[in-house]
Number of protein chains: 2
Amino acid sequence: MAKLEDIAKLAEVSPTTVSRVINNYGSLSEKTKSKVFAAMKELNYQPNSLARSLKGKSAKIIGVIFPGVSNPFFGQMVETIENQLFTKGYRIILCNAGNNKEKERAYLRMLIANQVDGIIAGSHNLEIEEYQQVGLPIISFDRYLSENIPIVSSDNYQGGKTAAEILLESGSKNVQIISGANRPNSPTNKRLEGFRKTIEEHDLEFGLTEIKFDASPNIKGMKIKEVLSNNQVDGVFCTDDLTSLLVVQQAKSLGLKIPEDLRLIGYDGTKFIQEFHPELATIEQPIEDIVTLMIDLLLKRIKDPKCQLKQNYVLPVKAIAGETSRRISK
Amino acid sequence: MAKLEDIAKLAEVSPTTVSRVINNYGSLSEKTKSKVFAAMKELNYQPNSLARSLKGKSAKIIGVIFPGVSNPFFGQMVETIENQLFTKGYRIILCNAGNNKEKERAYLRMLIANQVDGIIAGSHNLEIEEYQQVGLPIISFDRYLSENIPIVSSDNYQGGKTAAEILLESGSKNVQIISGANRPNSPTNKRLEGFRKTIEEHDLEFGLTEIKFDASPNIKGMKIKEVLSNNQVDGVFCTDDLTSLLVVQQAKSLGLKIPEDLRLIGYDGTKFIQEFHPELATIEQPIEDIVTLMIDLLLKRIKDPKCQLKQNYVLPVKAIAGETSRRISK
DNA sequence: AATTAATTGTCAAACGTTTGACAATTCCAA
DNA sequence: TTGGAATTGTCAAACGTTTGACAATTAATT
């Protein structure tokens, strides 16, 4: 590995000058600059980023903590984060916290040890006290972490409301919401609230089924089957699209026709779902915008750690029409 | 941020001793060790990983280069890599190369500058000469990169063969393979070969449709529609499961019943597909094993950069039965 | 008590940079 | 030609560790 000194020798200048060229510091003639650049090219030189960061230069690395990336929603999220950060010159360390508090803690410590510039967190493990003490800029997606950590989320309340409206418009009277188990302080609870409010405004009732986020699909399937067969449910709102897919599966196996017997709407609206399951009605979260905003806020905090940010940033959702919520004329 | 010196003061020992405790170097009494550990705990100390790596200690970071993580196959792959590496004390820098050669190059240089311990690459951009010169341990997934970079892949030939057999057994006579555009040197070509061999052994012919990996789903859909409507195709092998989903979509819109009118088998068999689309027949790649092997090889190379490894490692695939390839009795 | 072994301390160099102070050189214009 | 500015060089300290040489202290063994 070529080092600064080697460049200096080749370009016949002093090491200091090379460093000056790299950091554009002090006054330099065009001639030296180009000599140095040429030498850098010739030796395929890359400044040692460790040494630079040690001297206080930022390493340009962001830690990204999510439950995982095999779920298409988080996959798209992380991919978008990576893409946008890349164009700004940042790299990411991927931290899949799963539903493992210890792992999340370990990652948090590691990120600190590695002197990352900031953290974007969207994990599901709450009550990680450590977040309060991390002396690093953090932005959270859709989860409450601590007092002064801004949360960016989509308009969960409006999302729940819209989902309810669509189900009602589609002619459903007996609706059901299937959601992940609720955590206190989680903004996703608002989906439920918005949904409830709307249903109650129409003087109707609804059933609530909670299924743990991390349950196996078989277990989830079983619970869904119960829901669909015990009641005369004719409308279902799933708080994520994958659960919608399971509902489709179970409905089929029960001989229920969608949308004739049962209307269905999901949540998230990833590119994946829109492209490979355009029949699914869903509420789309503006992933691109969410990421843009998170990164914007994070970089602001990185530039000025004391800059004041709001605690909550809410972005609008969009209803995606789909066959599964088509209005049925009886 | 507490540093080594602070620990030394608190534990009332010399900085050297602290370092010795951390690195378990030289002889140390239990008493001092525990004093130091206590101090470390009290100050919540994390050795500065940059400084350590500068001094030659490994940073315990692996670069992971894939096209992206929004695709469930790569998502699961990367998630598995991350999980397994975590338990071995390594972290990962996620590099989504997309189909962007420049980005991949930039990432490669960055990984070198950041002194990562090794690289796992599964990108789709071939002809990146730089791979030859990277002085780092690299393992590749399913792609040829350069002479001495081991490739781990599933048994593509056998996979293609099995897919063909299943289609034939299901009663299809007029089969079609829909694959990503072929790249020279790519092991995935073997899927095609295995398929061809088997079909020809049965004195049948087959059609080949190539669709660029990165085409939009709409374009892909259109091409698939053409294939399904122009020919009297009654069996389709897609070289990935997502394309299978598109075939299901198009078949439905054309009024073709699966499996009655058309049998279908895909490739990859991610957890996602198996759980959310159990009706899809597919050839499962043993992701877990692939990752285990890649990491095993990589860590070997990291320990001993000169250790001899084979150029190719091939792991067996498994046929996953599904409704879409059910035998039809006419 | 004398000898040896184990433990800890002091000191300094090194890893590859950045950056400041200062001096030396070159260049250009009046 | 001289003065001042622009450019480059030398030198050294710093970032937070690791590690070796060596000396000093303490503990264990006879």
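Residues numbered from 1 in each chain as written. Chains lettered and ligands numbered in written order. Predicted model: local features only at pLDDT ≥ 70, side-chain atom pairs only at ≥ 80, totals over all residues. Heavy atoms only, no water.

*Asks:* Got a sec to walk through the pattern of salt bridges? Specific residues and values, please.
*Replies:* Residue and element names in this part refer to chain A. Across all of its chains, the model carries 22 salt bridges over all chains by this definition. Salt-bridge contacts for Lys 318 lead to Glu 284; the nearest nitrogen and oxygen are separated by 3.9 Å. Separated by 34 residues along the polypeptide, Lys 318 in strand S12 (residues 318–320) and Glu 284 in strand S10 (residues 281–284) bring together distant segments of the chain. (Salt bridge = Lys/Arg side-chain N within 4 Å of Asp/Glu carboxyl O. Helix = DSSP H or I, 4+ residues; strand = E, 2+ residues; numbered from the N terminus.)

*Asks:* For the packing of helix H5 (residues 72–87) of chain A against helix H6 (residues 101–113) of chain B, give the residues involved together with the corresponding values.
*Replies:* Where H5 of chain A contacts H6 of chain B, the two axes come as close as 13 Å, and the packing angle between them is 75°. Classed by the angle they form, the pair H5 of chain A and H6 of chain B counts as roughly perpendicular. On H6 of chain B, the residues that touch Glu 82, Asn 83 and Phe 86 of chain A of H5 of chain A are Lys 103, Ala 106 and Tyr 107 of chain B. Broken down by class, the residue content of the contact of H5 of chain A with H6 of chain B amounts to three nonpolar, one polar and two charged. (Axes fitted to C-alpha atoms, helices over the stretch in contact; angles between N-to-C directions. Parallel < 35°, antiparallel > 145°, perpendicular 65-115°, else oblique. Contact = heavy atoms within 4.5 Å. Nonpolar A, V, L, I, M, F, W, Y, C, P; charged D, E, K, R; others polar.)

*Asks:* Got a sec to walk through the protein's contact with DNA strand D? Specific residues and values, please.
*Replies:* As a matter of local geometry, DNA strand D sits amid 25 residues, with Thr 17, Ser 29 and Thr 32 of chain A together with Ser 19 and Tyr 25 of chain B nearest to it. The sugar-phosphate portion of DNA strand D accounts for 65% of its atoms within 4 Å of the protein, the bases making up the rest. Separating a phosphate oxygen of DNA strand D from a side-chain N or O atom of Ser 27 of chain A is a distance of 3.5 Å. Leu 4 of chain B has a polar backbone atom sitting 2.9 Å from a phosphate oxygen of DNA strand D. Elements with a contribution of two residues or more to the surface near DNA strand D: helix H2 (15–23) of chain A together with helix H2 (15–23) and helix H4 (49–54) of chain B. No other element matches the four residues that H2 of chain B contributes to the surface near DNA strand D. Class assignment for the residues of the surface near DNA strand D results in seven nonpolar, 10 polar and eight charged. (Near = heavy atom within 4 Å. Polar contact = N/O pair within 3.5 Å; in protein donor to acceptor, adjacent residues only side chain to side chain.)

*Asks:* So what's going on with the protein's contact with DNA strand C? Which residues, and what values?
*Replies:* Looking at DNA strand C, there are 25 residues lining it, with Lys 3 and Tyr 25 of chain A together with Thr 17, Ser 29 and Thr 32 of chain B nearest. The protein-proximal atoms of DNA strand C, defined as those within 4 Å of the protein, are 68% sugar or phosphate. At a separation of 3.0 Å, a phosphate oxygen of DNA strand C approaches a polar side-chain atom of Asn 23 of chain A. A distance of 3.5 Å separates a base nitrogen of DNA strand C from a polar atom in the backbone of Ala 51 of chain A. When contributions to the surface near DNA strand C are tallied by element, the ones reaching two or more residues are H2 and helix H4 (49–54) of chain A together with H2 of chain B. If one sorts the elements of the surface near DNA strand C by residue count, H2 of chain A sits on top with four residues. Grouping the amino acids of the surface near DNA strand C by side-chain chemistry returns seven nonpolar, 10 polar and eight charged.

*Asks:* Describe the relation of the copies chain A and chain B, naming the residues involved and giving the relevant values.
*Replies:* Each copy superposes on the other: chain A lies on chain B with an RMSD of 0.1 Å after a rotation of 180° and an axial shift of 0.1 Å. Taken together, the rotation and translation describe the operation of a two-fold axis. In terms of C-alpha distance to the rotation axis, chain A has Ile 93 of chain A as its closest residue, with the C-alpha 2.2 Å off the axis. A shared binding surface is used by both copies, with 100% of the interface residues of chain A retained as interface residues in chain B. (Least-squares fit on C-alpha atoms with pLDDT ≥ 70 in both.)

*Asks:* Outline the interface of chain A and chain B, supporting the account with residue identities and numerical values.
*Replies:* Contact residues are listed per partner, giving 48 residues for chain A and 48 residues for chain B. Taking both sides of the interface into account, the surface hidden between chain A and chain B amounts to around 4,700 Å²; carbon and sulfur atoms contribute 62%. Joining chain A to chain B, the criterion identifies two salt bridges. A salt bridge links Glu 82 of chain A to Lys 103 of chain B; the shortest N-O distance between them is 3.0 Å. Put simply, chain A and chain B have 27 residue pairs in polar contact (both at pLDDT 80 or more) between them. Every element with two or more residues in the side of chain A that touches chain B is listed here: H4, H5, strand S2 (91–96), helix H6 (101–113), helix H11 (241–254) and helix H12 (271–276) of chain A. (Buried area = accessible area lost by both parts, 1.4 Å probe.)

*Asks:* Explain the domain arrangement of chain A residue by residue, including any values.
*Replies:* What the domain assignment lists for chain A is domain 1 (4–47), domain 2 (61–153 + 287–315) and domain 3 (156–285 + 318–325). If you average the C-alpha positions of domain 1 of chain A and of domain 3 of chain A, the two centres end up 61 Å apart. (Domains from an automatic or database assignment.)

*Asks:* An account of the sheet that holds strand S11 (residues 312–315) of chain A is requested, with residue identities and associated values reported.
*Replies:* Here we have 12 strands laid out as an open sheet, ordered S11(A)-S5(A)-S4(A)-S3(A)-S1(A)-S2(A)-S2(B)-S1(B)-S3(B)-S4(B)-S5(B)-S11(B), and mixed in their pairing. Of all the strands in the sheet, the pair left with one neighbour each is S11 of chain A together with strand S11 (312–315) of chain B. Neighbour-to-neighbour, the strand axes of this sheet turn through a mean angle of 25°, independent of strand direction. In the sheet, strand S4 (residues 138–141) of chain A pairs with strand S5 (residues 151–154) of chain A via two bridges, with the strands oriented parallel. Within S5 of chain A, the residue paired with Phe 141 of chain A across the bridge is Val 152 of chain A. On the sheet, helix H13 (residues 287–303) of chain A packs against strand S1 (61–66), strand S3 (118–121), S4, S5 and S11 of chain A and is oriented at approximately 160° with respect to S4 of chain A. (Pairing = 2+ DSSP bridges.)

*Asks:* Tell me about the confidence of the model for chain A, residues and numbers included.
*Replies:* The pLDDT averaged across chain A works out to 92; a share of 98% of its residues lies at or above 70. No element of chain A has a lower mean pLDDT than helix H7 (residues 130–133) of chain A, at 82, and none a higher one than S10 of chain A, at 98. (pLDDT = per-residue confidence, 0-100.)

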